[in-house]
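Now for the letters of each chain:
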Amino acid sequence: MTVLNDIDRFHLVMDVIDRLPQMSDKEADLKQQLQDKRIEHKHYIRKHGEDMPEIRNWKWHGAAGQTIEASR
């Protein structure tokens, strides 16, 4: 439940966007989408007591095609 501590991947990407020298409309739209997803995720956590399935079951597919599961 890293989303509750502002250390989730959505928050980290938003932090990177904030550090860009110039933010275009594209980055502003992405930041809003990420913020909306964080809000949705927080509501889900409060209702179900666990991360959303798309977060809980997320896997990173590395460059070599290997699947690396996200740590919990």
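Everything numeric here is computed off the predicted structure, so don't read it as measured data. (Residues numbered from 1 in each chain as written. Predicted model: local features only at pLDDT ≥ 70, side-chain atom pairs only at ≥ 80, totals over all residues. Heavy atoms only, no water.)

## Some words on the pattern of salt bridges
Step number 1: For the structure shown, the criterion picks out 5 salt bridges.
Step number 2: The closest approach of N and O atoms between Asp15 and Arg19, which form a salt bridge, is 3.1 Å.
Step number 3: Given a relative accessible area of 30%, Asp15 falls into the partly exposed group.
Step number 4: On the basis of relative accessibility, which here comes to 64%, the residue Arg19 falls in the exposed class.
Step number 5: Close ionic contact of Asp18 with Lys31 constitutes a salt bridge, the shortest N to O distance being 2.3 Å. With Asp18 in helix 1 (residues 9–18) and Lys31 in helix 2 (residues 25–48), the pair connects residues that are 13 residues apart, well separated along the chain.
Step number 6: Look at Asp18 and you get partly exposed, because its relative accessible area is 45%.
Step number 7: The partly exposed category is assigned to Lys31, whose relative accessible area is 23%.
Step number 8: Among the charged side chains, a network of salt bridges with common partners joins Lys37, Glu40 and Glu54. (Salt bridge = Lys/Arg side-chain N within 4 Å of Asp/Glu carboxyl O. Buried < 20%, exposed > 50% of the residue type's maximum accessible area, 1.4 Å probe, protein only. Helix = DSSP H or I, 4+ residues; strand = E, 2+ residues; numbered from the N terminus.)

## Considerations on the nonpolar core
Inside soluble globular proteins, nonpolar side chains tend to come together where they are buried.
Step number 1: Formed by Phe10, Met14, Ile17, Leu34, Met52 and Ile55, the largest nonpolar core amounts to 6 residues.
Step number 2: Top element by residues in this core is helix 1. It accounts for 3 residues.
Step number 3: Setting aside its immediate chain neighbours within four residues, Met14 contacts Lys31, Leu34, Gln35 and Arg38. (Core = buried A, V, L, I, M, F, W, Y, C linked by side-chain atoms within 4.5 Å. Contact = heavy atoms within 4.5 Å.)

## With respect to the environment of Lys37
Step number 1: Among the structural elements, Lys37 can be located in helix 2.
Step number 2: Residue contacts for Lys37: discarding those within four places in its chain leaves Phe10, Met52 and Glu54.
Step number 3: Among the polar contacts made by the side chain of Lys37, one reaches the side chain of Glu40 at a distance of 3.2 Å. (Polar contact = N/O pair within 3.5 Å; in protein donor to acceptor, adjacent residues only side chain to side chain.)

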